[in-house]
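# Fold and contact review
Listed here are the chains, written in short residue letters.
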Amino acid sequence: MERRAQLFLTAFHRDSRAAGLQVQTVKSLFKEMDISLDEMREKSKAGAGLMKFVQALIGYCDVFKEVKPKREKVPTCIFCTVNFVKYNFNKKNFIVRALYDYM
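What this report covers is the structure whose coordinates are included nearby. (Residues numbered from 1 in each chain as written. Predicted model: local features only at pLDDT ≥ 70, side-chain atom pairs only at ≥ 80, totals over all residues. Heavy atoms only, no water.)

### A short note on the overall build of the chain
Our working definition: To qualify as a helix, a DSSP run of H or I must reach at least 4 residues; to qualify as a strand, a run of E must reach at least 2; elements of each kind are numbered from the N terminus. A 1.4 Å probe rolled over the protein chains alone gives each residue an accessible area, and that area as a share of the maximum for its type sets the label: buried under 20%, exposed over 50%, partly exposed in between. Should any heavy atoms of two residues lie within 4.5 Å, those residues are counted as being in contact.
When its secondary structure is counted, the chain shows four helices and zero strands. From first element to last, N terminus to C terminus, the chain shows the α and β order α-α-α-α. Taking all 103 residues of the chain together, 17% fall into the buried category. Contacts in the chain between residues far apart in sequence, at least 24 positions, make up 50% of those at least 6 positions apart.

### Considerations on the pattern of salt bridges
As a reminder of what qualifies: Only one rule defines a salt bridge in this text: a Lys or Arg side-chain nitrogen within 4 Å of an Asp or Glu carboxyl oxygen.
One pass over the full model with this rule turns up two salt bridges. A salt bridge links Asp-38 to Arg-41; the nearest nitrogen and oxygen atoms lie 3.0 Å apart. A residue pair is termed a helical-turn pair when its members lie 3 or 4 positions apart in one helix, as Asp-38 and Arg-41 do in helix 3 (residues 37-43) at three residues. The class of Arg-41 is partly exposed, set by a relative accessible area of 41%.

### Digging into the nonpolar core
What counts is decided by this rule: By convention a nonpolar core is built from buried Ala, Val, Leu, Ile, Met, Phe, Trp, Tyr and Cys residues, the set being connected through side-chain atoms within 4.5 Å.
Val-23, Val-26, Val-54, Ile-58 and Cys-61 form the largest nonpolar core, which has five residues in total. Among the secondary structure elements, those contributing two or more residues to this core are helix 2 (18-33) and helix 4 (45-102).

### Considering unusual backbone geometry
Look at Asp-34: it is not a glycine, yet its phi comes out positive at around 50°. Within the secondary structure, Asp-34 sits in the loop between helix 2 and helix 3.

### Observations concerning the packing of aromatic side chains
Stated precisely, the cut-off is as follows: For this analysis, a ring pair means two rings from Phe, Tyr or Trp (six-membered ring only for Trp) whose centres lie within 6.5 Å, classed as stacked if their planes differ by under 30 degrees, edge-to-face if by over 60, and tilted for the remaining angles.
Taken as a whole and judged by the stated rule, the model has one aromatic pair. When the centroid spacing of 6.0 Å and the interplanar angle of 20° are considered together, the rings of Tyr-60 and Phe-64 count as stacked. With Tyr-60 and Phe-64 both in helix 4 and four residues apart, this pair spans about one turn of that helix. Taking relative accessible area as the criterion, Tyr-60 reaches 37% and is therefore assigned partly exposed.

### Describing the environment of Ile-35
Within the secondary structure, Ile-35 is located in the loop between helix 2 and helix 3. Exposure remark for Ile-35: the relative accessible area of 17% places this residue in the buried category. Ile-35 has contacts with Met-40, Lys-43 and Met-51, leaving out every residue within four places of it along the chain.

This is the structure we're talking about:
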């Protein structure tokens, strides 16, 4: 196994900045190898399983790259919505109390 691929499999961290570089390295290795999963299965069942796992991991990284910014926005949006609701509640509560005191 090539050293670059071994590093990818042993030291992969999805949140690190190096993850993008690692994924690009593995994608380039797959292009260099120019072998399909079926061809790999004919040569080695273990190699085919490993290849399928690495392809799934790369797919996960691609999805994670799209989802991460959206996931980070959610708490901010929820916090803003909660503050807006509290503000409106307090405002209406103040009006009701003022009317109650007026009567």
